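Chain by chain, the residues:
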Amino acid sequence: MIPGGKVFIIGAGPGAPDLITVRGIEILRSADLVIYAGSLVSAELIAQSPGEAEKIDSSGLHLEEIVTRMVAGVRRGWRVARLHSGDPSVYGAIQEQIERLRAHQVPFEIVPGVSSVFAAAACLNTELTVPGVSQTVILTRTEGRSSPLPEGAALRELARIPATLAIFLSAALAGRVVDELRSGGLGDETPVAVVARVSWPDEITLWSTLGRLRADLRAAGIQRQALFLIGPALNAQAVAATSRLYARDYTHMFRRSDLS
């Protein structure tokens, strides 16, 4: 029995329970089985699912155990909500789940969520793409045991691009981050913003520079669940950079200049 059964891979957002999408919360509230990414997903959000729904913390399960539970639920005709933190397409490890769901001929749908990179920019009251400073945002990480980097994607290579770097999953490897970026040409005064547990009640924000980063992280006690934003766009006020999009003399098909 599959007719009404389906897996929904849902981005739960960065932490705050009201940063899930409307579509995501509506599916969660009608789910028969909820499989969520442990402490990365708010307990308040899990409480939005029906009281009779089965709820499983996936943090102690390996891939095959997770997939087995999802497939079994769908074959019973259940709506299965698979909750990932942030947006599932960014470091969500969903590709291997998708491949196995397809192999089992199980229908699924991906529901996007708010990534921590955008929640971090919002809490810092900053823009990541400032004209003349940075029109490129690179989402990346340092190399880890489960995540080898392809050739040419090391931080020292990315540092040579005039972009805002959003570095995930690297707080415990801050020394390596600093060394790599320095070897790529970034100076010690390069602005760095660190946001740990963005949108959670215990959120920490830290303004630093590449040269001070390691010491500032130690002083703040930040060791995990932190995002680094690095680049001159974080200090755009110093270069007085502004967009022309809403300038009075800037015209386009919807607006004429009001200057004579």
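Heads up: the structure comes first, above all this text.
Residues numbered from 1 in each chain as written. Predicted model: local features only at pLDDT ≥ 70, side-chain atom pairs only at ≥ 80, totals over all residues. Heavy atoms only, no water.

Caption draft 1: Spatial organisation of the packing of helix α7 (residues 174-183) against helix α8 (residues 213-220). For the pair α7 and α8, interaxial distance at closest approach is 9 Å and the crossing angle is 160°. The orientation of α7 relative to α8 falls into the category roughly antiparallel. The two elements α7 and α8 cross, and the hand of that crossing is right-handed. Between α7 and α8, the residues in contact are Ala174, Gly175, Val178, Asp179 and Arg182 and Leu213, Arg214 and Leu217, respectively. Of the residues assigned to the contact of α7 with α8, the class counts are four nonpolar, one polar and three charged. (Axes fitted to C-alpha atoms, helices over the stretch in contact; angles between N-to-C directions. Helix = DSSP H or I, 4+ residues; strand = E, 2+ residues; numbered from the N terminus. Parallel < 35°, antiparallel > 145°, perpendicular 65-115°, else oblique. Left-handed = near helix turned anticlockwise from the far one by under 90°. Contact = heavy atoms within 4.5 Å. Nonpolar A, V, L, I, M, F, W, Y, C, P; charged D, E, K, R; others polar.)

Caption draft 2: Spatial organisation of the packing of aromatic side chains. Tallying each qualifying case throughout the model produces one aromatic pair. Residues Tyr91 and Phe168 carry aromatic rings whose centres are separated by 5.1 Å and whose planes lie at 50° to one another, so their mutual orientation is tilted. Taken as a pair, Tyr91 in the loop between β4 (79-84) and α4 (95-103) and Phe168 in strand β7 (residues 164-168) lie far apart in primary sequence, 77 residues in all. Here Tyr91 falls in the partly exposed class, since its relative accessible area comes to 38%. Using a relative accessible area of 8% as the deciding quantity, one classes Phe168 as buried. (Phe/Tyr/Trp six-rings, centres within 6.5 Å; stacked < 30°, edge-to-face > 60°. Buried < 20%, exposed > 50% of the residue type's maximum accessible area, 1.4 Å probe, protein only.)

Caption draft 3: Fine view of the side chain of Arg141. Note on placement: Arg141 falls in strand β6 (residues 137-141). Taking relative accessible area as the criterion, Arg141 reaches 15% and is therefore assigned buried. Every residue in contact with Arg141, bar those within four places of it in the chain, is listed here: Tyr91, Ser147, Leu149, Leu155, Ile167, Phe168, Leu169 and Ser170.

Caption draft 4: View of helix α3 (residues 63-75). Taking 1.5 Å of rise per residue, 13 residues should cover 18 Å, and α3 covers 18 Å from first to last C-alpha, within 8% of that figure. Buried within α3 are the following residues: Ile66, Val67, Met70, Val71, Gly73 and Val74. Looking straight down α3, one finds its buried side chains confined to an arc of 160°; they lie on one side. As for α3, its buried residues are in contact with β1 (6-11), β2 (33-36), β4 and α4. Among the residues trailing α3, Gly77 stands out with phi positive, at a value near 85°. (Expected span 1.5 Å × (residues − 1). Arc of directions from axis to C-beta.)

Caption draft 5: Highlighting unusual backbone geometry. Phi is positive for Tyr91, close to 55°, though the residue is something other than glycine. One non-glycine residue, Gln105, lies in positive phi territory at about 55°. Its location among the elements puts Gln105 in the loop between α4 and β5 (108-111).

Caption draft 6: The arrangement of the sheet that holds strand β3 (residues 54-57) in detail. Sheet architecture is open: five strands sit in the order β3-β2-β4-β1-β5, paired in parallel fashion. In this open sheet, the two strands that pair with only one neighbour each are β3 and β5. Here the average twist between neighbouring strands, direction ignored, is 15°. Relative to β4, β2 runs parallel, the two sharing four bridges. Bridging from a neighbouring strand, Leu33 pairs with Val80 of β4. Set on the sheet, α4 makes contact with β1, β4 and β5; between it and β5 the angle comes to about 155°. (Pairing = 2+ DSSP bridges.)

Caption draft 7: Main features of the nonpolar core. Grouped together as the largest cluster of nonpolar side chains are 23 residues, with contacts concentrated most on Ile167, Leu181, Val194, Leu217, Phe228 and Ile230. Residue assignment for this core shows that the elements contributing at least two residues are α6 (155-158), β7, α7, β8 (191-196), α8 and β10 (226-230). Ranked by residue count, the leading element in this core is α7, at four residues. (Core = buried A, V, L, I, M, F, W, Y, C linked by side-chain atoms within 4.5 Å.)

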